[in-house]
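A closer look at the structure
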Amino acid sequence: MTSYKNKAKSIIAKNLRKYRELARITQINLSIKIQKSPEYISRIERGVMLPGVEVLYEIADILDIDPCLLILDK
């Protein structure tokens, strides 16, 4: 099970950074919009932490993307 969790962390980290940068939103601005700390966003983007589904939906809404794009392994 751990390998699936690590893979999910890695995929979400890569996709979050990609779509956040495409939207030209800083980690700080994103963190403010979802009412989390900048460290929270940083930990997700470094693959240290796996966010909950609700957070993924909030982030996707702010980035104006389909939430599935954050978890797809492309």
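Scroll up to find the structure.
Presented here is a report on the structure given in the accompanying data block.

Calculation rules
Chains are numbered independently. Their residues run from 1 in the order of the written sequence. Only residues with pLDDT of 70 or above have their local features reported here, since the model is predicted, and side-chain atom pairs are shown and tallied only from 80 upward, although totals for entire chains, interfaces and linings are computed over all residues. Side-chain metrics rest on all non-hydrogen atoms present in the structure, leaving aside hydrogens and water. Here a strand is any run of E in DSSP of at least two residues, a helix any run of H or I of at least four, and the numbering for each starts at the N terminus. What the globule rule says is 2.2 Å times the number of residues to the power 0.38, and the radius of gyration is computed from C-alpha atoms. Note on classification: 1.4 Å probe, protein chains only; a residue is buried when its accessible area is under 20% of the maximum for its type, exposed when over 50%, partly exposed between these limits. Residue contacts follow a heavy-atom distance rule, with two residues in contact if any of their heavy atoms lie within 4.5 Å. His residues and chain termini do not enter the charge count, which takes Lys and Arg as positive and Asp and Glu as negative. A charge is said to be at NZ when it belongs to Lys, at CZ for Arg, at CG for Asp and at CD for Glu. In this scheme, patches are assembled from residues that exceed 30% relative accessible area and form no salt bridge. Like charges are connected within 9 Å, while nonpolar side chains (Val, Leu, Ile, Met, Phe, Trp, Tyr) are connected within 5 Å. With residues, only the protein chains shown are counted as cover, and all accessible areas are computed by Shrake-Rupley using a 1.4 Å probe. By definition, a salt bridge exists where a carboxyl oxygen of Asp or Glu is found within 4 Å of a side-chain nitrogen of Lys or Arg. In this scheme Phe, Tyr and Trp rings, the latter by its six-membered ring, pair at centre separations within 6.5 Å, and the angle between planes marks the pair as stacked below 30 degrees, edge-to-face above 60, and tilted otherwise. By the criterion adopted, a ring carries a charge over it if an Arg CZ or a Lys NZ lies within 6 Å of its centre and within 35 degrees of its normal.

Overview of the overall build of the protein
Looking only at helices and strands, one finds five helices and zero strands in the protein. Scanning the protein from its N terminus toward the C terminus, one meets helices and strands in the order α-α-α-α-α. For 74 residues, the compact-globule estimate of 2.2 N^0.38 gives 11 Å, and the protein sits close to it at 11 Å. With the C-alpha coordinates aligned to their principal axes, the bounding extent of the protein is approximately 35 × 25 × 20 Å. In the protein, which comprises 74 residues, the proportion classed as buried is 36%. Sequence separation of at least 24 residues holds for 62% of the intrachain contacts in the protein that already meet a minimum separation of 6. Distance from the positive charge centre (13 side chains) to the negative charge centre (9 side chains) of the protein: 7 Å.

Concerning a negative patch on the surface
There is a patch of like negative charges on the surface, built from Glu54, Glu58, Asp61 and Asp64. Mapped onto the elements of the fold, glutamate 54 is located in helix H4 (residues 53-63).

What to know about the packing of aromatic side chains
If you walk through the whole model with that rule in mind, you get zero aromatic pairs. Across from the ring centre of tyrosine 40, 5.3 Å away, lies the NZ or CZ of lysine 36, which sits over that ring.

Some details on unusual backbone geometry
You will see that glutamine 35, though not glycine, has its phi angle at about 60°, which is positive. The topology assignment puts glutamine 35 in the loop between helix H2 (27-33) and helix H3 (38-45). Even without being a glycine, aspartate 64 presents a positive backbone phi close to 60°. Structurally, the position occupied by aspartate 64 is in the loop between H4 and helix H5 (68-71). Aspartate 64 sits in the exposed class, given a relative accessible area of 70%.

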